[in-house]
Amino acid sequence: MSDSTHFDQTAYTQATFRTLLDCMARPGKVGSLLTVAEVASSPFDTYLFVVALTLLDHEVVFHVYSDQCSLSSHLQAHTMARVGAVEECDYLFVGRGESPDFRRLKRGSWQYPDESATIIQLVEELGEVTDGLEQALRLELCGPGIQRSRTVAVRGLSCELLQSWRHCNREFPLGLDWILVDKSGQVCCLPRTVQFTVEVV
Amino acid sequence: MTSYSYNYGFLDEQTKKEIRRKLLQAVAIPGYQVPYGSREMPIARGWGTGGLQITLSIIGKQDTLKVIDQGCDFSVNACNLRNFIAATTGNTVTTDTAEASIVQTRHRIPEEAMREDQILVFQVPYPEILRWVEPSERETRRMHAERDYGKLWVFLYEDIVRWGEITLSYRYPVLVNQRYAMDPSPIPRHDVPKLHQAETLFLFGAGREKRLYAVPPYTEVVPLQFEDYHFTIENFGGQPCRSCGSTSSYLNEVYDGETGERYFSCSDTSHCAKNSRGAIRHE
Ligand SMILES: [Zn+2]
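Residues numbered from 1 in each chain as written. Chains lettered and ligands numbered in written order. Predicted model: local features only at pLDDT ≥ 70, side-chain atom pairs only at ≥ 80, totals over all residues. Heavy atoms only, no water.

### Quick word on the sheet that holds strand β6 (residues 174–176) of chain B
Residue and element names in this part refer to chain B.
Here comes step 1: Read from one edge to the other, the open sheet built from 3 strands follows the order β7-β6-β10, with strand pairing classed as antiparallel. At either end of the open sheet lies a strand with only one pairing partner, and these are β7 (180–182) and β10 (221–223). Strand after strand, the sheet turns through a mean of 35 degrees between neighbouring axes, direction not considered.
Here comes step 2: One ladder, built from 3 bridges, connects β6 with β7; its direction is antiparallel. Following the sheet pairing, Leu 175 is matched in β7 by Ala 181. (Pairing = 2+ DSSP bridges. Helix = DSSP H or I, 4+ residues; strand = E, 2+ residues; numbered from the N terminus. Axes fitted to C-alpha atoms, helices over the stretch in contact; angles between N-to-C directions.)

### Quick notes on the coordination of the zinc ion
Residue and element names in this part refer to chain B.
Here comes step 1: Only Cys 241 (SG), Cys 244 (SG), Cys 266 (SG) and Cys 272 (SG) from the protein coordinate the zinc ion, and they sit 2.2 to 2.4 Å from it.
Here comes step 2: Here the zinc ion binds 4 donor atoms, and the angle range of 103 to 116 degrees at the metal identifies the geometry as tetrahedral.
Here comes step 3: Positions of the donor residues of the zinc ion along the chain correspond to the pattern C-x2-C-x21-C-x5-C. Cys 272 shares its class with Cys 266; the two are buried. (Donors = N, O, S within 2.8 Å, 3.2 Å for Na, K, Ca; no water. Tetrahedral: all angles 85-135°; square planar, octahedral: opposite > 155°, others 65-115°. Buried < 20%, exposed > 50% of the residue type's maximum accessible area, 1.4 Å probe, protein only.)

### A few points about the packing of aromatic side chains
Here comes step 1: Taken as a whole and assessed by the stated rule, the structure comprises 15 aromatic pairs over all chains.
Here comes step 2: Their ring planes at 5 degrees and their centres at 4.7 Å tell us that B:Phe204 and B:Tyr213 sit as a pair that is stacked.
Here comes step 3: By relative accessible area, which is 0% here, B:Tyr213 ends up buried.
Here comes step 4: Aromatic ring contacts, followed pair by pair, group A:Phe102, A:Trp165, A:Trp178 and A:Phe196 into a single cluster. (Phe/Tyr/Trp six-rings, centres within 6.5 Å; stacked < 30°, edge-to-face > 60°.)

### Side note on the side chain of A:Gln14
Here comes step 1: Within the secondary structure, A:Gln14 sits in helix α1 (residues 9–25).
Here comes step 2: Exposure remark for A:Gln14: the relative accessible area of 5% places this residue in the buried category.
Here comes step 3: Engagement of the side chain of A:Gln14 in a polar contact is seen with the backbone oxygen of B:Ile59, the distance being 3.4 Å.
Here comes step 4: Excluding residues that lie within four positions of it along the chain, A:Gln14 makes contacts with B:Arg20, B:Ile58, B:Ile59, B:Gly60, B:Gln62 and B:Asp63. (Polar contact = N/O pair within 3.5 Å; in protein donor to acceptor, adjacent residues only side chain to side chain. Contact = heavy atoms within 4.5 Å.)

### Let's talk about the interface of chain A and chain B
Quoted interface sizes are often the accessible area lost when the parts come together.
Here comes step 1: With 37 residues of chain A in contact, the opposing surface of chain B contributes 44 residues.
Here comes step 2: Between chain A and chain B, roughly 3400 Å² of surface is buried when both sides are summed, and carbon and sulfur atoms account for 56% of that area.
Here comes step 3: One salt bridge connects A:Asp57 with B:Arg21, and the closest N-O pair in it is separated by 3.1 Å.
Here comes step 4: Summed over the shared surface of chain A and chain B, the result is 18 residue pairs in polar contact (both at pLDDT 80 or more). (Buried area = accessible area lost by both parts, 1.4 Å probe. Salt bridge = Lys/Arg side-chain N within 4 Å of Asp/Glu carboxyl O.)

### A word on the nonpolar core
Here comes step 1: With 103 residues, the main nonpolar core has A:Leu21, A:Phe93, A:Val181, B:Ile58 and B:Leu203 as its most contacted residues.
Here comes step 2: Among the elements that make up this core, the one with the highest residue count is helix α3 (residues 46–55) of chain A (8 residues).
Here comes step 3: With residues up to four places along the chain from it excluded, the contact list for B:Leu203 reads A:Leu21, B:Leu23, B:Val27, B:Ile54, B:Ile58, B:Ile119, B:Leu120, B:Val121, B:Phe122, B:Tyr213 and B:Ala214.
Here comes step 4: By size, the runner-up hydrophobic cluster in this structure holds 30 residues, among which are A:Ile119, A:Val152, A:Leu180 and A:Leu190. (Core = buried A, V, L, I, M, F, W, Y, C linked by side-chain atoms within 4.5 Å.)

### Some points on the pattern of salt bridges
Here comes step 1: Applying the stated criterion to the full structure yields 37 salt bridges over all chains.
Here comes step 2: A:Asp8 is the salt-bridge partner of B:Lys61, the closest N and O atoms lying 3.2 Å from each other. Taken together, the positions of B:Lys61 in the loop between α2 (49–58) and β2 (64–69) and A:Asp8 in the segment before α1 put the pair across two chains.
Here comes step 3: Note on A:Asp8: relative accessible area 27%, which makes it partly exposed.
Here comes step 4: A salt bridge links B:Lys194 to B:Glu111, with the shortest nitrogen-to-oxygen separation between them at 3.6 Å. You can see B:Lys194 sitting in the loop between β7 and β8 (201–206) and its partner B:Glu111 sitting in the loop between β4 (102–106) and β5 (119–123), a full 83 residues away along the chain.
Here comes step 5: Owing to a relative accessible area of 24%, B:Lys194 belongs among the partly exposed residues under this scheme.
Here comes step 6: Of the residues examined, B:Glu111 reaches a relative accessible area of 14% and is grouped as buried.

### Side note on the environment of A:Asp67
All names here are of chain A.
Here comes step 1: Along the polypeptide, Asp 67 turns up in the loop between β2 (61–64) and α4 (71–79).
Here comes step 2: We classify Asp 67 as partly exposed; its relative accessible area is 26%.
Here comes step 3: Separated by 14 residues in the primary sequence, Asp 67 and Ala 81 place their C-alpha atoms 16 Å from one another.
Here comes step 4: A polar contact of 3.3 Å, which involves the side chain of Asp 67, links it to the backbone nitrogen of Ser 70.

Here's what the structure looks like:
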């Protein structure tokens, strides 16, 4: 990714996808997204933009929660994806410190649980250990993809939001998958199968 | 090497994007078959298009690829697929399971234990395990939705009544994460336990039926069985592989037309060769 004179979006989105796939398959694992000059100049948060470039196209609907800077039109121009209401979106983008009402998102149907929304949310900081992270939530995770248990620390996420996400996942396979991204490009995925206990540190 | 006129990995980026989105969902709902819009490929359907589309959607320049067909790297099918992927990506290929980051397979799981940094992609001819017992797609959807697998249990029970054991040798039904009945593809029973609590991510693609599904690592995968009739793997009567002497690998019975002799030989040929050289790391 060092050659910024020739931006290879094919290689770039492939690498981003593999990080997301690895993190989705191993909930709580913290991966790293790469950035390049071409995406860093975006008015959208760089790393949210990276995920959007990787997942969105004209076949899907997205929503930017509490969009105050016309980010939707920027994303739309770059991905050709359609902007839609929270209730109909496939991907919900959430800025730092925002707390949307997850209950409005689609959770799929019993026959087609994949017709559900994925949330891509910015947080302050993610880490596999809680050292150095003050006022973080320490999540103890278990479920598919996790050998016994795994710990992840998140700063910039509220307990209330976690509880509301858990509530939306109470009827598996219906549910919401959650991609957390921090300001330095670290990423952690929480699929609907994850069970967790939470503690404030 | 890079003078190809088509996109890296043959598929256009939009096709890859769709498959990637569906793969993330498949991982999030272990064992659930996600519908996707399978594209026409320059190989005949039924020759692994589903697996091929997954491999081409996940592969990147740093990957090393292995392709096997019934355990063999050098069958026509495996060679065609490997050559096609190599030609459209320029990626490195290998026959050594330990060297590969992506293994695409038809009907086997490699003998050598796979690791966390590897992905196994299965070519699936028939993704719907309930097709044994129910022809209607609408009805199988309902059965999965309601976790209504009674007919599948009856099917296995009737097998026991008739034969005194469960005779299914391939496509043995498994229950994933205590929720979805899943077709593990036509792997032998020998390979079924390897799906349970594995280090590796397993991805399954059925091109003709336009379905993909996944088993994440460290996920419960249990063969359907009865308390008094347990799932068992194949038994080769304690006979070893004639080439490498292995008694733990899945064996093919070979008949020598000239001598009339019958003997056993590993189905996973590269593992067999490696084992003969003493190059297998045993845990
Ligand atoms: Zn052998």
